[in-house]
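Coordinates in review
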Amino acid sequence: MEIQQLYYFKIVATLQHMTQAAEQLSISQPALSKSIANIERELGVPLFDRQGRSIFLNRYGALFLESVDIILAEHSKVMQEFAEITKPGFGEVSFGFIHTLGMGVVPELMAHTSEKYPNMQFTLTQSTSLRLLKLLEDGDIDLCLSQKIESKLLDIHWVELWTEELFVIVPENHALAERDYIKLIEIKDDPFISIKRGNSLRQMVDTLFQSVGVTTNTTFSAEEMHTVAGFVGSGLGVSLIPNIKGLDQFNVKKIRISEPPCYRKIGVSWVKNRYISPAANDFKGFLIETLIKEQNK
């Protein structure tokens, strides 16, 4: 039973006149009669009492009309909602990003987005790269900003947007605090304040230390970069982090690393060949254009 058939039935039930209904629907009377007969055959009951050329809605027809009114109303509502979703500049976007980007990059991006797309609605998720990958795989987010993520289940497309330098941070009274550059191996004996395991930055930091033959003496692991900076500023150790917004508010010195190169690449990811709404697609294009342009200034 199709929506069109239900609509035909409603018109016939309202007019209770097959010829007038056919004229209003701009179809032939035989075609309309066949559509009504198909509904009756599928339901197993007659919906109209027929007396000569006249038809009258019977009690089965009246009961069926109540359900048809509900179905057609819901169908109209759904079609209206999806018309709004697919209208250029409208719709909802589910967007994820790693924790450090919530301190400056994403708020500034969303401010510009609101100016360009005032009618778009956004659901934002701030999490680790591994968690964002799971949300992307499950279809709970449309796209995300993070380091490159790869899935064993789906083909993830990733576009690099910018490169972020990682810095050693030490307490202001640390022996290395007056240096502009150091080698990573020079902090091998210091207590290390790390981001928690399960974070892609933690994996990268561990890999960088392994590349110079160092196993860090990790004394504390935190979830947030500002917490890491706070612990370092309190003299509890050193760390290796990006240049996060607000870092200058802590009692730390930021030092560049001459060896090995310490950088991470940030980009946008989405599931290749999965449907993405016009709103999400518009936002993705705007995001790529805006962030690449910003980094090339």
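In short, a report on the structure. (Residues numbered from 1 in each chain as written. Predicted model: local features only at pLDDT ≥ 70, side-chain atom pairs only at ≥ 80, totals over all residues. Heavy atoms only, no water.)

**Some thoughts on unusual backbone geometry**
Between Glu 259 and Pro 260 the backbone carries a cis peptide bond, its omega angle lying at -5°. The residue Pro 260 is located in the loop between β11 (252–259) and β12 (263–271) in this model. Of note, the phi angle at Gln 16 is positive, near 50°, even though the residue is not glycine. Residue position: Gln 16 is located in the loop between α1 (3–15) and α2 (18–25). The residue Ser 26 is not glycine, and still its phi comes out positive at about 60°. The topology assignment puts Ser 26 in the loop between α2 and α3 (29–43). (Helix = DSSP H or I, 4+ residues; strand = E, 2+ residues; numbered from the N terminus.)

**Thoughts on the pattern of salt bridges**
Applying the stated criterion across every chain yields a total of 12 salt bridges. Here Lys 134 makes a salt bridge to Asp 138, at a shortest N to O gap of 2.6 Å. One end of the pair is Lys 134 and the other is Asp 138, both in helix α6 (residues 129–138) and 4 residues apart, which spans about a single turn. We classify Lys 134 as partly exposed; its relative accessible area is 40%. Salt-bridge contacts for Glu 186 lead to Arg 179; the nearest nitrogen and oxygen are separated by 3.0 Å. (Salt bridge = Lys/Arg side-chain N within 4 Å of Asp/Glu carboxyl O. Buried < 20%, exposed > 50% of the residue type's maximum accessible area, 1.4 Å probe, protein only.)

**Some thoughts on α1**
Taking 1.5 Å as the rise per residue, α1 with 13 residues should run 18 Å; its terminal C-alpha atoms sit 19 Å apart, in good agreement. One or two residues past the end of α1 sits Gln 16, with phi positive at roughly 50°. (Expected span 1.5 Å × (residues − 1).)

**Considerations on empty space enclosed by the protein**
Counted according to the given criterion, the structure contains 2 cavities of 30 Å³ or more. By volume, the largest cavity is sized at about 90 Å³. In this structure, the largest cavity is lined by 14 residues; those nearest its centre are Ile 98, His 99, Thr 100, Asn 199 and Met 225. Residue composition of the lining of the largest cavity, grouped by class: 4 nonpolar, 7 polar and 3 charged. Considering only enclosed or pocket space, the second largest cavity measures out at about 40 Å³ in volume. Phe 192, Ile 193, Ser 194, Ile 195, Leu 201, Val 205, Met 225, Val 228, Ser 239, Leu 240 and Ile 241 together form the lining of the second largest cavity. (1 Å grid on protein atoms, 1.4 Å probe; cavity = no way out; pocket = protein on both sides within 12 Å on 5 of 7 lines; lining within 4 Å. Points joined across faces, edges and corners; volume = space filled by probe spheres on them. Nonpolar A, V, L, I, M, F, W, Y, C, P; charged D, E, K, R; others polar.)

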